[in-house]
Amino acid sequence: MKGSLSYDEKCSCAKSTFCIYVSQSQDFEKLEKDYLVKTITNNGYSGILYVSSVLAGWAIVAGIIDSVLFPGIIVYAIFHGVVDYKVLTPPILFLLGNILAKLVYITYNLRGKVKLLDILIAALPYAGSAYLLRKFLVKDKLMRKAVTMYLTSRKNDVKKKILDMFSLNSQ
């Protein structure tokens, strides 16, 4: 990373796990690394990738809650023969609260980096992470390769930590 990167770019890169991953990767040539680091630091892509990964985890948790909440309401309605506002209030409140919390989170973390329309679309249930990745990170083929490799690496790290946690408890 020596030579063509400015001091500010190097400092910005040191704060981003994505940028550090790219700069230390053996899969990119020096010019590719310099281009990627400049793009990541100057366009705020690291923050967008971080928010996107948080939204992906958020979608998993919300999906688990939805998979319990909605079938529970259906079972309740079948056994009690009642479908009214009292029964439908919890999932509607959860949905609205989820969207509102995402709007606040995305707006706070990506202020100035994305437009209001992008924030509104990213706050939609289950779609936010994929939308942000597609809109900002995967148009550039080299950036797409870097993001894919980084996300695969992070996924493998999480798998390893989970497996280590379970193997530690079983001993």
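Higher on the page you've got the structure.
Throughout, a residue's number is its position along its own chain's written sequence, starting from 1. In view of the model being predicted, local features appear only for residues whose pLDDT reaches at least 70, and side-chain atom pairs are presented and counted only at 80 or more, with totals across whole chains, interfaces and linings using the full set of residues. The side-chain numbers reported here are obtained from all heavy atoms of the structure, hydrogens and water having been left aside.

Undergrad: Report on the nonpolar core, specifying residues and quantitative values.
TA: Buried together is how nonpolar side chains tend to be arranged in soluble globular proteins. Residues belong to one nonpolar core when they are buried, are Ala, Val, Leu, Ile, Met, Phe, Trp, Tyr or Cys, and are joined through side-chain atoms within 4.5 Å. Burial status follows relative accessibility: with a 1.4 Å probe on protein chains alone, a residue under 20% of its type maximum counts as buried, one over 50% as exposed, and anything between as partly exposed. If you look at the biggest cluster of nonpolar residues, it comprises 30 residues, and the most contacted ones within it are F18, I106, L132, L137 and M143. Broken down by secondary-structure element, the contributors of at least two residues to this core are α2 (17-24), α3 (30-43), α4 (45-80), α5 (85-109), α6 (116-122), α7 (128-137) and α8 (141-170). Residue contributions to this core peak at six residues, all from α8. Here a residue-residue contact requires only that any non-hydrogen atoms of the pair lie within 4.5 Å. The residues touching F18, leaving out its near neighbours within four places in the chain, are I40, S46, L49, M143, A146, V147 and Y150. In DSSP terms, a helix is any run of H or I states spanning at least four residues, a strand is any run of E spanning at least two, and both are numbered starting from the N terminus.

Undergrad: Describe the side chain of S52, naming the residues involved and giving the relevant values.
TA: Locating S52 in the fold gives a position in helix α4. On the accessibility criterion, S52 (2% relative accessible area) is buried. If near-sequence neighbours (up to four positions away) are discounted, S52 is found in contact with S129, L132 and L133.

Undergrad: Could you give an account of the pattern of salt bridges, with specific residues and numbers?
TA: Side chains carrying opposite charge are able to pair once their charged atoms draw close together. For salt bridges, the criterion is a side-chain nitrogen of Lys or Arg within 4 Å of an Asp or Glu carboxyl oxygen. Under the counting rule described, the total for this entry stands at three salt bridges. Between K135 and D118 there is a salt bridge whose closest N-O contact spans 3.6 Å. Placement of the pair is K135 in helix α7 and D118 in helix α6, with a sequence separation of 17 residues. Residue K135 is classed as partly exposed on the basis of its relative accessible area, which comes to 32%.

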